[in-house]
Each structure stands twice: as C-alpha cells, then as structure tokens.
Amino acid sequence: MLKKILIANRGEIAVRIIRECLDTSTEAVAVYSIADKEALHRLIATEAVCIGGPAAKDSYLNMANIIEAAKGTGAQAIHPGFGFLSESSEFARKCREEGLIFIGPSPETIDMMGNKSAARELMQKAGVPVVPGSDGVVTDAEKAIEVAERIGYPVLIKASAGGGGRGMRKAADAVQVREGFREASLEAENCFGDGSVYIEKLIENPRHIEFQILADSFGNVIELGERDCSIQRRNQKLCEESPARNLPDEVRQAMKEAALNAAKAAEYENAGTIEFIVDKDNNFYFIEMNTRLQVEHPVTEMVTGVNIVREQLRIASGLPLSITQDDVKTDGHAIECRITAEDAFDNFRPNPGKIEFLHFPAGSGIRVDSALYNGCEISPYYDSMIAKVIVKGENRNDAIRKMRRALEEMIISGVKTTLPVQHLLMYNETFIRGNYDTGFIEKNLDALLDIYEAAGGNDV
C-alpha cells in the first residue's frame, strides 16, 4: 500500500479520506486555505500545508501549490476527493508528469468521459442506450434548433464539459433554444473553460439511477449496485437511497450490464459512477459517467459492506480489488440526507457562520460524515454542504423510521440549515410510497415549507 497520501480537498470528504489513510497506516497530508486554518481536516491529518488564500482559485484549485505541497512532504499520491480538481484531466496529467499518483482514472479517460458528447458517442458504440440527441457538439443556435425540431421538444441544452447541473438549460420551443444556447454556452465557458454544448431530448421527470463501479489495473471491473438520486433541487441531489425502490429486477439487471459495458468501453480504472435516467415506462438511458468518488458513496458502502475509499487506495497502490463480483451482496436499505447551511425559506440562500452547538445522532445503523465541531466556522467561500446523515435499516420502511429519529436527534445551532426540510421529507406520503421522480421537489417543496411554518418552526 501507499505510505503517504496528500488529500487535495477540504470538508467532510477530506476528513473521510484522512480517516481511511490512518486506518490503513498511511500518512495523510492535508492542504488548507487561510480561511480553513482551524478546519477539522487540517487538525486531524498527519501534517498539513497552507496552499493559499480563501478563494478556491488561490488554494484548492491551485494546481502548482498542491503539487509543490505533495512533493515537499514526500507524498506519493494525491487523492482529489470530489469537486475542485477531482475531474480535471489537466491536474491528473500534471501529477503524472511530476511522478505523483493521481487516485482516480487516467487523464485520457477523464478527457473522454468528461466531454459529455464524446462519452455519448462511446456509449453508443458500446451498445449502451443513450437519450436521442445531437451527433456531437452543436456549434450555433440555428443548428441547435434543427436538432431540437428533429428529435422533438422539449429538449435539454447541455455543456459538453463539467456537470453538477451547470451549463444546462431546458427549451420547449425555438425561442427558448436560442436563449438557452447562449446562456448554457456562456455558463459552461465560465465554469469549465469550454463553452461547447450538445442537445438531448428532455425525458420529463425521469428517475435518476446511478451504478457504482470499481475497476483495477488487472482488468477486474465490478459494480456495487445502484443508488436512486431522484430527490433533486436544480439538478443538485438532496437525498439518495440504495437499492432503488420499485425498479423491476429485469431492468435492474439490464442496467448493471450496461454499467459494466460502459466502464469497460472507457477502459476505466479506480472508482466511478455510471448515471442513467429511467422514464415512466422503465426505459433507461445513459447520461454521463462521473470519473471520481461520489458524494453519495456511503449509501453503497452501508448496504454492500464494501469500503470504496479503501478500494481506491488499493487500486492506486497497484493492487487488485479485494473482492470479486460474486462477493458483492446487498443487505438491507440505506438512505442519505445531505445537510447544507442554507435558508430554505430564502430560496436556499447560503448561511455561513459559527456553529454554537452541535450534536450528531448515533446508534446502530447510523453514520454521519461531516467536518463540523462545536465552535467551528462555516466559511462563505466554499460549498454549503456541512454534513451527510446516512442510515441503514433492515428494509426501506425501517430505514425511513431510522432517518426520522436521526434527524430529530441532530442539533446544529448558530446557522440555518436544510435539516427541517430533510426531516419533513421522511414523512411525505409520496416519498414513503417510493413513487417519486426528479420533479418531486419542484412539486412538493412549498408544501413541506408550509407544514414547517404551520408547526411554528418546529419539526413534526
């Protein structure tokens, strides 16, 4: 195994990876910005290096400073976590040039799968179902309209690079295509440095199902089952669960085979995720591959018992996977709720500040991934996600009940959070029945907030 790893990230994912390093007797080097001087990931690492100012571009996106920190501390490898540089082929390539192991796929694979239009073409060649759309990138609005009228409205205009809902616009007619093309191209250029876009048929209110993949350098490729990530707001996931409810076995099996074929076609190595949408008739379509560790990986760990981050470290160390496909079994049901420091009653406006009092839930089948501690500061410079609450039950109903109790027990004072919304979600009849899709939050958010206000600001 590797002896020393630098974690090029912050927050709960940096803490998660540092703990895994220490559990495997691997030295963990943290990097931090000036704003994160008292952050938990800096405090618990074997050693830590300041890499720049508060803005991400000066620190967590500063490739030169991160690589210098790795070399200066004698780290053999860099784990990028998720976000920041995790899907940067340029960074992965610079690591390789400097003799450092990038804990993730090769830069060539990141390039291929990070470009959504190129990935779409590869999937078509591999026989993986894709949503009807343009053949590659679309260079101007008029051509975008031609494609949209050929495949039929409504359509999605999507950035070829990047993800996370950025550089994406819906269009129901030619006027909206023109406007959406301009806006998506501009946002994609600003966010990813690549303004190219492509067009897809909009599958309205589908389910969002993704499969976790692990692959080593010996040609072993396995899948760890699916996660349902359909509870989303503005293309950002709020709650995930595994396994997916109400998914026919034959569809699940076909999706597993498609996910494995996709990973093999990409000659993938390390942890990755194949994302699909599923329409009301259970037809499924590939939408993208995330070439990194996912925020929601804990739900898969809970139901399979597979330590995904540890497998990442094994793969990066040149070792084979510790398990085979036959070893992968799903036991029980897991749910994850992402808690963010945002004011749900003010259009989810970020609410940074000082944590005055903190209490995390505990007990059998409950896990909290977070970098919070009493008295810590939530910075205004970075993502507002502050904790993930993950539970495992014997079945889905048991998991829902356990999540209710966990969220009721959780106390975060000093800042406003989405904890009340997540709690009320666990009582929503549509959610409990499992009959939801990606349109759920849009349809139900106002009702959830009204319930909370009617209760005088107290959870049910």
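Residues numbered from 1 in each chain as written. Predicted model: local features only at pLDDT ≥ 70, side-chain atom pairs only at ≥ 80, totals over all residues. Heavy atoms only, no water.

(A) Local environment of the overall build of the protein chain. If you tally the helices and strands in the protein chain, you get 15 helices and 22 strands. Its C-alpha radius of gyration of 21 Å places the protein chain within 12% of the 23 Å reference for a compact globule of 460 residues. Overall size of the protein chain, expressed as C-alpha extent along the three principal axes, is 60 × 55 × 45 Å. Looking at the protein chain as a whole, 58% of its 460 residues are labelled buried. Long-range contacts, defined as pairs at least 24 residues apart, comprise 65% of the intrachain contacts of the protein chain with a sequence gap of at least 6. Per element, the accessible surface of the protein chain, about 18700 Å² overall, is 46% carbon and sulfur. The distance from the centre of the 52 positive side-chain charges to the centre of the 70 negative ones in the protein chain is 1 Å. (Helix = DSSP H or I, 4+ residues; strand = E, 2+ residues; numbered from the N terminus. Rg over C-alpha atoms; globule rule 2.2 N^0.38 Å. Buried < 20%, exposed > 50% of the residue type's maximum accessible area, 1.4 Å probe, protein only. Contact = heavy atoms within 4.5 Å. Areas by Shrake-Rupley, 256 points an atom, 1.4 Å probe, with all protein chains shown as cover. Lys, Arg positive; Asp, Glu negative; His and termini not counted. Charge placed at Lys NZ, Arg CZ, Asp CG, Glu CD.)

(B) Expanded view of the sheet that holds strand β10 (residues 221–233). Pairing in this open sheet of eight strands is antiparallel, and the strands run β13-β12-β9-β10-β11-β14-β21-β19 from one edge to the other. Of all the strands in the sheet, the pair left with one neighbour each is β13 (284–290) and β19 (366–370). Within this sheet the neighbouring strands show an average axis-to-axis angle of 25°, counted without direction. Helix α1 (residues 11–23) contacts β19 and β21 (385–393) of the sheet and is inclined by roughly 115° relative to β19. Relative to the sheet, helix α12 (residues 396–409) contacts β11 (236–242), β14 (333–340), β19 and β21, its axis offset from that of β21 by approximately 140°. (Pairing = 2+ DSSP bridges. Axes fitted to C-alpha atoms, helices over the stretch in contact; angles between N-to-C directions.)

(C) View of the side chain of H208. Mapped onto the secondary structure, H208 falls in strand β9 (residues 207–215). A polar contact is formed between the side chain of H208 and the side chain of Q232, at a distance of 2.9 Å. Residues in contact with H208, not counting those within four places in the same chain, are R227, D228, C229, S230, Q232, K237, E275, F276, I287 and T438. (Polar contact = N/O pair within 3.5 Å; in protein donor to acceptor, adjacent residues only side chain to side chain.)

(D) Geometry of the side chain of N9. Within the element layout of this structure, N9 appears in the loop between β1 (4–7) and α1. Taking relative accessible area as the criterion, N9 reaches 2% and is therefore assigned buried. For N9, the side chain forms a polar contact with the main-chain oxygen of P80, separated by 2.8 Å. If near-sequence neighbours (up to four positions away) are discounted, N9 is found in contact with A14, V31, H41, Y60, P80, G81, F82, G83 and F84.

(E) Representation of unusual backbone geometry in the model. Along the chain, Y153 connects to P154 via a cis peptide bond; the corresponding omega equals 0°. Relative to the elements of secondary structure, P154 occurs in the loop between α7 (141–151) and β6 (155–159). Residue P243 is reached from S242 by a cis peptide bond, and omega for that bond is -5°. Even without being a glycine, N270 presents a positive backbone phi close to 95°. Among the secondary structure elements, N270 is positioned in strand β12 (residues 270–278).

(F) Here's a closer look at the packing of aromatic side chains. Under the definition given, this model contains nine aromatic pairs. A ring pair is formed by F276 and F284, whose centres lie 5.5 Å apart and whose planes are at 90°; its orientation type is edge-to-face. According to the relative accessible area criterion, F276 is buried, its value standing at 0%. Relative to Y382, the ring of Y381 lies with its centre 6.1 Å away and its plane at 50°, an arrangement referred to as tilted. For Y382, a relative accessible area of 11% puts it in the buried group. Residue placement shows R42 over the ring face of Y32; its charged tip is 5.3 Å from the ring centre. If you follow R404 out to its NZ or CZ, it ends over the ring of Y427, 4.1 Å from the centre. (Phe/Tyr/Trp six-rings, centres within 6.5 Å; stacked < 30°, edge-to-face > 60°. Lys NZ or Arg CZ within 6 Å of the ring centre and 35° of its normal.)

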